[in-house]
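# Structure assessment
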Amino acid sequence: MRGRLIVGGVLIVATGAAIAAPDAILPAGAATFLHGLRAQLETLLPDLHRSPTADMRLAAPRTAVEDGRTFIRLTGPERERIGLVAETRPAVPHRQELTAYGTVLDIARITELTNSYAGAVAALQMAQARVEVSASAARRARNLGAGVVAVAQIETVEGTLLTDRAAQTAAESQVRTLSATARQEWGSVLGKAIIDRTALVTRLIERADFLVQVTLPPGENLATPPEAAFAEVPPQSVRVAMRLVSAATRTDPRIQGQSFFYLVSGDSGLLPGTSTMAFLPAERSVRGVLVPEDAVVHGEGGAWVYRGTGDGAFVRHAIRPDAPMSADSFVVEDLPDGAEIVLRGGQALLSEEMKSRIRVVGDDDD
């Protein structure tokens, strides 16, 4: 059996060689026959005349490691497929953004003070009215004299007047006390709003707005609090705008920093008792390339952005954990002016880089 297989293999090889090069192996007559056979085969199999290695071209690798960094090169169609968007950005000064801590306050105390002050004012008005009535009665009694009105009646009327005046004095003192309390607890702006019951306090009571106390980290100070700031709504970390009320009259005991009162819309997603991150524009500027948070990818324990290298490749660039912020973006100070930043598609580049490492490890194991 083995002998037959060997003979058959030799015949197959010889036949293939004869068809491929008939002039070199067979006599002239047989060679002419096989030339015709080869032509017919080429008609049926057009790829027969090609070199066996003609179509064995390997795709160019997408990644290459140079100086310890992985460079990723993609063709135009590949970029379109992953939705890669890159933009050249200058390194210019940006107003730095401070990260602070916000707490949505319970305004039960504001509601209590507002109602108490309104009640005290009403009591004062009633006391004033009683004083006017009793004073008028006392004047009539004195004008009529003892011959018309009994002395006891005159004394009674004058005693009532003294009592009503004392009640008026007490009511006035209560109004002043509540007014001072409102200013001491909530500052001049909110205190006056409580006293006058303005739209600011009315919106808080009706929950159209919420009051947020924003506290800066220790060591950070702002000479003038910014009129506009932002709060982050958990868990999606969506930013919502806040409006300045005034400087706060107290600090957050957990943080011990400079504090401000801000208003946030009642439909923002924040509720009383919520702790949130707040972002305030600072008075100082920092120079660098602005990188949006959406462009940042996370992996290997760090944050990264992909930048172009000028030759069609992209490479990862580290973002410091303490990188300054501006307008909800990172200010990367060590990127060159005019750097090409990948705004969308960075996660796909990171996946491609990780896949290349897996392939390299697999090759080493083999």
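Reading the values: rules and limits
Residues numbered from 1 in each chain as written. Predicted model: local features only at pLDDT ≥ 70, side-chain atom pairs only at ≥ 80, totals over all residues. Heavy atoms only, no water. Helix = DSSP H or I, 4+ residues; strand = E, 2+ residues; numbered from the N terminus. Buried < 20%, exposed > 50% of the residue type's maximum accessible area, 1.4 Å probe, protein only. Contact = heavy atoms within 4.5 Å. Areas by Shrake-Rupley, 256 points an atom, 1.4 Å probe, with all protein chains shown as cover. Polar contact = N/O pair within 3.5 Å; in protein donor to acceptor, adjacent residues only side chain to side chain. Pairing = 2+ DSSP bridges. Phe/Tyr/Trp six-rings, centres within 6.5 Å; stacked < 30°, edge-to-face > 60°. Salt bridge = Lys/Arg side-chain N within 4 Å of Asp/Glu carboxyl O. pLDDT = per-residue confidence, 0-100. Core = buried A, V, L, I, M, F, W, Y, C linked by side-chain atoms within 4.5 Å.

### Some thoughts on the overall build of the chain
What the chain contains, in helices and strands, is 8 helices and 15 strands. Counting every position in the chain, which comprises 366 residues, the buried fraction comes to 38%. Counting only contacts in the chain whose residues sit at least 6 apart along the sequence, the fraction spanning at least 24 positions is 71%. Counting every atom, the chain has about 21,300 Å² of accessible surface; 57% of that belongs to carbon and sulfur.

### Here's the deal with the side chain of D209
With respect to the helices and strands, the residue D209 is situated in strand β5 (residues 209–215). Accessibility expressed as a relative area gives 3% for D209, which makes it buried. Polar side-chain contacts of D209 include one of 3.0 Å to the side chain of R243. When sequence neighbours within four positions are dropped, the list of residues in contact with D209 reads R203, L204, R243, L263, V264, S265 and G266.

### A few points about the pairing of strand β1 (residues 63–66)
Two elements, β1 and strand β2 (residues 69–73), share 4 bridges in a ladder whose sense is antiparallel. By the bridge assignment for β2, A64 is matched with F71. A loop of 2 residues connects β1 with β2, the two strands running antiparallel in sequence, and D67 in this loop sits at a positive phi of about 55°.

### A look at the packing of aromatic side chains
Tallied over the full model, the rule gives 1 aromatic pair. On the basis of an interplanar angle of 40° and a centroid distance of 5.8 Å, the ring pair of W186 and F261 is categorised as tilted. Linking W186 in helix α6 (residues 151–196) with F261 in strand β8 (residues 259–265), this pair joins segments that are 75 residues apart in sequence. Residue classification places W186 among the buried positions, given a relative accessible area of 3%. The exposure class assigned to F261 is buried, which follows from its relative accessible area of 0%.

### Details of the pattern of salt bridges
Taken as a whole and assessed by the stated rule, the structure comprises 16 salt bridges. A salt bridge links R239 to E97, with the shortest nitrogen-to-oxygen separation between them at 3.0 Å. Of this pair, R239 sits in strand β7 (residues 238–247) while E97 is found in strand β4 (residues 91–104), placing the two residues 142 residues apart along the sequence. Each member of the pair, R239 together with E97, is buried.

### Here we look at the confidence of the model for the chain
Looking at the chain as a whole, the pLDDT averages 83, with 79% of positions reaching at least 70. Long-range and interchain partners of residues 1–22, a stretch whose pLDDT sits below 50, account for 12 contacts in this model, where long-range means more than four residues apart. Here residues 48–59 is modelled with pLDDT under 50, and outside its nearest four sequence neighbours on either side it reaches 5 contacts, counting other chains as well.

### Overview of unusual backbone geometry
The omega torsion of the bond from P234 to P235 falls at 0°, within 30 degrees of zero and hence cis. Even without a glycine there, the phi angle at A327 is positive, about 50°. Inspection of the secondary structure puts A327 in the loop between β13 (325–326) and β14 (329–332). Even without being a glycine, D328 presents a positive backbone phi close to 65°. Within the secondary structure, D328 is located in the loop between β13 and β14.

### Description of the nonpolar core
Residues I110, W186, L190, I194, L204, L211 and F261 are the most contacted members of the largest nonpolar core, which totals 24 residues. Only α5 (108–144), α6, α7 (199–205) and β8 provide two or more residues apiece to this core. Examining the composition of this core, we find that 9 residues originate from one element, α6, more than from any other. The next biggest cluster of nonpolar side chains, apart from the first, holds 21 residues, and it includes V233, V240, M242 and F260.

### Some thoughts on the environment of A278
Checked against the element boundaries, A278 lands in strand β9 (residues 275–292). In this structure A278 comes out as buried when scored by relative accessible area, which is 0%. Excluding anything up to four places from it in sequence, A278 contacts L98, T99, A100, V214, F230, A231 and M242.

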